[in-house]
Amino acid sequence: AQDESRQGYRVFREVFEPLGLPVLCLPGNHDNPEFMREELDGNFVVLGEVEFDTWRIAMLNTYTPGTAAGELTRKDLEQLNKWLATQGGSNCLVCLHHQPVPVGSRWLDSVGLRNPQALFEVLDTHQGVRGILWGHVHQAFDGERKGVRLMGTPSTCRQFLPGSDKFALDERPPGYRWLKLLTDGSIETGVEYVPV
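Our subject in this report is the structure included herewith. Worth saying up front: this structure is predicted, and the values here are computed from it rather than measured.

### Section: the nonpolar core
In a soluble, globular protein the nonpolar side chains are often hidden away together inside. Counting 27 residues, the largest nonpolar core has L60, L80, L84, L119, L123, I132 and W134 as its most contacted members. Secondary-structure elements contributing two or more residues to this core are helix 3 (74–85), strand 5 (91–96), helix 4 (106–109), helix 5 (116–123), strand 6 (129–134) and strand 8 (148–152). Apart from residues no more than four positions distant in its own chain, L80 is found in contact with A58, L60, L119, V122 and L123. W55, L93, C95 and L133 belong to the second largest nonpolar core, which has 9 residues in total.

Laid out in structure tokens, this is it:
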């Protein structure tokens, strides 16, 4: 929501609710998770897990008050482990706000996920994890780790300059990443920038 206000979530609701589609939400470092839950209660899914056909999607909370960096609690990691253990033959996409791997920008990498190894210790013990998706970095990222697709997405606001050691803005316009989750467990994805 950027300004952490109730009004920001109300505007979000007004824009997306008429679509009549599932809207999955998780908080980032500029959000207020309490307001998010309260204002988006109902047709929106805030955190937790959802199922679509042969895919299960986990939305994790990395919000950490008072810092731009993120962290997963022990409780959240235990819950993720239990959920993944019951996934059966489903493919899993894990979503979080903060990046769990370096993206090549020193300043951004210093405010990523503080405990990525704890996340990977859970994920590495489960076969069905196909992808990890995050925001926070305001730039596209596409990689792989142990056969799992790693995807960062640009911002619907301003972009950060890739490869920069210090804070710097990129001239690219607002953007987003689209995903197509295929029944065979593969992921088709791309990044689109919207001319202003």
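### Overview of the packing of aromatic side chains
Aromatic ring pairs are described here by two measures, namely the spacing of the ring centres and the angle between the planes. Taken as a whole, this structure holds 6 aromatic pairs when the rule is applied. On the basis of an interplanar angle of 35 degrees and a centroid distance of 4.5 Å, the ring pair of F12 and F16 is categorised as tilted. Note that F12 and F16 are positioned in helix 1 (residues 6–16) at a spacing of 4 residues, about one turn of the helix. According to the relative accessible area criterion, F12 is partly exposed, its value standing at 28%. An angle of 70 degrees between the planes, with centres 4.9 Å apart, marks the rings of W107 and F160 as edge-to-face. Of this pair, W107 sits in helix 4 while F160 sits in strand 9 (residues 159–160), and the two are 53 residues apart along the sequence. Each of the two residues, W107 as well as F160, counts as buried. Aromatic rings pair up to connect F12, F16 and F44 into one cluster.

### Some points on a nonpolar patch on the surface
A cluster of nonpolar residues, V11, V15, F16, L19 and L21, forms a patch on the protein surface that exposes about 440 Å² of accessible area. In this fold, V11 is placed in helix 1. Look at V11 and you get partly exposed, because its relative accessible area is 37%.

Reading the values: rules and limits
- Chains are numbered independently. Their residues run from 1 in the order of the written sequence.
- Reporting in this predicted model follows two pLDDT cut-offs: at least 70 for local features of residues, and 80 or more for side-chain atom pairs to be given and counted; totals over whole chains, interfaces and linings ignore these cut-offs and use all residues.
- Excluding hydrogens and water, the side-chain figures rest on all heavy atoms present in the structure.
- Within this scheme, the nonpolar core is defined by two criteria: the residues are buried Ala, Val, Leu, Ile, Met, Phe, Trp, Tyr or Cys, and they are joined through side-chain atoms within 4.5 Å.
- Each residue gets one of three labels from its accessible area relative to the maximum for its type: buried under 20%, exposed over 50%, partly exposed in between, using a 1.4 Å probe on protein chains only.
- Runs of E in the DSSP output that reach at least two residues are strands. Runs of H or I that reach at least four are helices, and both are numbered from the N terminus.
- Here, residues are in contact when the closest pair of their heavy atoms is within 4.5 Å.
- Pairing of aromatic rings covers Phe, Tyr and the six-membered ring of Trp, with a centre-to-centre limit of 6.5 Å; geometry is then stacked below 30 degrees between planes, edge-to-face above 60, and tilted otherwise.
- To count toward a patch, a residue needs a relative accessible area over 30% and no salt bridge; like charges are then connected within 9 Å, while nonpolar side chains (Val, Leu, Ile, Met, Phe, Trp, Tyr) are connected within 5 Å.
- Per-residue and other accessible areas were derived by the Shrake-Rupley procedure at a 1.4 Å probe size, with only the shown protein chains allowed to occlude residues.
- Take a side-chain nitrogen of Lys or Arg and a carboxyl oxygen of Asp or Glu: if they are within 4 Å of each other, that pair is a salt bridge.

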